[in-house]
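Now for the letters of each chain:
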Amino acid sequence: MLKDKTVVLGVTGSIAAYKAADIASKLAQSGAKVLTVMTGSAREFVTPLTFRSVTGQPVITDMFDSQSQFSVQHVSLADMADAILIAPATAQIMAKLVAGLADDMISLTVLATKAPVVIAPAMDHNMWESPVTQNNVTRLRARGFTIVGPGKGHLASGKEGWGRLEDTEKVLGALRMTMGRKGDLLGRRFVVTAGGTQEPIDPVRVITNRSSGKMGYAIAEAARDRGAEVTLVTAPTALAQPVGINTIPVNTAREMNQAVAKAVLNADVLIMAAAVADYQVASPSLSKIKKEATGRLTLELERTPDILGETKGSFLRVGFAAESEGLVRNAAQKLKSKALDLIVANDITQADSGFGTDTNRVVIIDRAGSVEALPLLTKYEVAERILDRVNALSKV
Ligand code: PMT
């Protein structure tokens, strides 16, 4: 969604200014045209050359630079921005924005723009917790600005607390969410599942699978980025909790079943990308199972609830099928037996597709029998194509 979009990146004077180079780089890698604006204080921490190098675009440092194509007279940056991201944002810049000051290129551009604005604060934790700053944050939120972070942790002052610039992925997630607020899924409520459930054997061991959660998280984020309200029911993963998504962590298939049953009461669409265990240990041991010198250990397994099969309602139901053979045939069978609207058949025979990868190769089959094979795409791109199909179906 950032491809060919113009993002004005405002960098202000915080020690976290160096982290903005990573944000600028990731934005540029996503295909955005990144125009960096730096305050004088920001340039004390990091040079404009860094941002020019990672974005391939000029860096604006001076409101009165007569050589600049972005001169103050025509507030051109404010007009050309598809979004403005200030990262890191100091207490000072936030106070200026609240007051409507326009004495530097960042505050001027924000005052003059109609584009969505995202602010990622970074400062000492006492400054962040100050009632003045908190009041400013409330007022900026009330103006429709998105505030992402700050995070908690070690600060430049040597103290621990709230004030760290939020992680790049979260900042970019907040930007995409804000830019997509009026997207084509506006007002639609999605429940998405992700990850591999963990069924306990004893207090320290589980039966699980190789799902990383990436596919389900990509669907949840892509839906959010198109304006949907998203609940993500997730089995344990190593992924960060996505910004702007109601995330419900679960461990077992039974817990996922309960969470999904509750979440779908208010949903328009359920997409089950999770790899749910088909079996659980019938009686998990309450204490750690001791290893014996010889012999075998036998575990008695019983079926888990079939979440998709049992969850009924007037919402659209989309399943996944991870298959190592008979891809379309087996997936079509699951579509029928679980009475789904769509099924995404996931080819797991290739190294670049399926469990744990960043890319995926899928075939989408609908209830009318149409079969659409997609090429190798990133999981986010696959998610977008699934959402296109869901959107088309819900208009029928
Ligand atoms: O998480 P990643 O590393 O990104 O990997 C993504 C993925 C490969 C896990 C994902 O793309 C995928 O294919 N998920 C489905 C995995 C699977 O094997 O599903 P299944 O064929 O066992 O089940 C079919 C459908 O029923 C699935 O939508 C599943 O969520 C659902 N199911 C399964 C078992 C069960 N007890 N209840 C269910 O609802």
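Our structure's up above, just so we're on the same page.
If you're wondering where the values come from, they're calculated on a predicted model, not measured in any experiment.

Draft legend 1. The arrangement of the pattern of salt bridges in detail. Evaluation of the coordinates by the stated rule reveals 19 salt bridges. Ionic pairing is found between Asp 358 and Lys 214, a salt bridge with its closest N-O pair at 2.9 Å. With Asp 358 in the loop between β18 (342-347) and β19 (359-360) and Lys 214 in helix α10 (residues 214-224), this residue pair connects regions lying 144 residues apart in the sequence. Since its relative accessible area comes to 54%, Asp 358 is described here as exposed. For Arg 389, the salt bridge is made with Glu 372, and the minimal N-O distance between the two is 2.6 Å. You can see Arg 389 sitting in helix α14 (residues 379-394) and its partner Glu 372 sitting in strand β21 (residues 371-373), a full 17 residues away along the chain. You can call Arg 389 buried: its relative accessible area is 17%. Residues joined in a network through salt bridges with shared partners are Arg 176, Glu 221, Arg 224 and Asp 225.

Draft legend 2. Inspection of the side chain of Glu 323 at higher detail. For Glu 323, the position within the fold is in strand β17 (residues 316-323). Residue Glu 323 is classed as buried on the basis of its relative accessible area, which comes to 9%. In this structure Glu 323 touches Asn 330, Ala 331, Lys 334, Asn 346, Asp 347 and Ile 348, once residues within four positions along its chain are discounted.

Draft legend 3. Region of the structure containing the packing of aromatic side chains. Under the definition given, this model contains 0 aromatic pairs. Just above the ring of Tyr 279 sits the side chain of Arg 303; from NZ or CZ to the centre is 5.5 Å.

Draft legend 4. Main features of the pairing of strand β7 (residues 151-154). As defined by bridge partners, β7 adjoins strand β8 (residues 160-164) across 4 bridges and the pair is classed as antiparallel. Of the residues in β8, the one forming a bridge with Lys 152 is Trp 162. Taken together, β7 and the strand that follows it, β8, pair antiparallel across an intervening segment of 5 residues, in which Gly 158 is found at a positive phi of about 95 degrees.

Criteria and cut-off values
Residues numbered from 1 in each chain as written. Predicted model: local features only at pLDDT ≥ 70, side-chain atom pairs only at ≥ 80, totals over all residues. Heavy atoms only, no water. Salt bridge = Lys/Arg side-chain N within 4 Å of Asp/Glu carboxyl O. Helix = DSSP H or I, 4+ residues; strand = E, 2+ residues; numbered from the N terminus. Buried < 20%, exposed > 50% of the residue type's maximum accessible area, 1.4 Å probe, protein only. Contact = heavy atoms within 4.5 Å. Phe/Tyr/Trp six-rings, centres within 6.5 Å; stacked < 30°, edge-to-face > 60°. Lys NZ or Arg CZ within 6 Å of the ring centre and 35° of its normal. Pairing = 2+ DSSP bridges.

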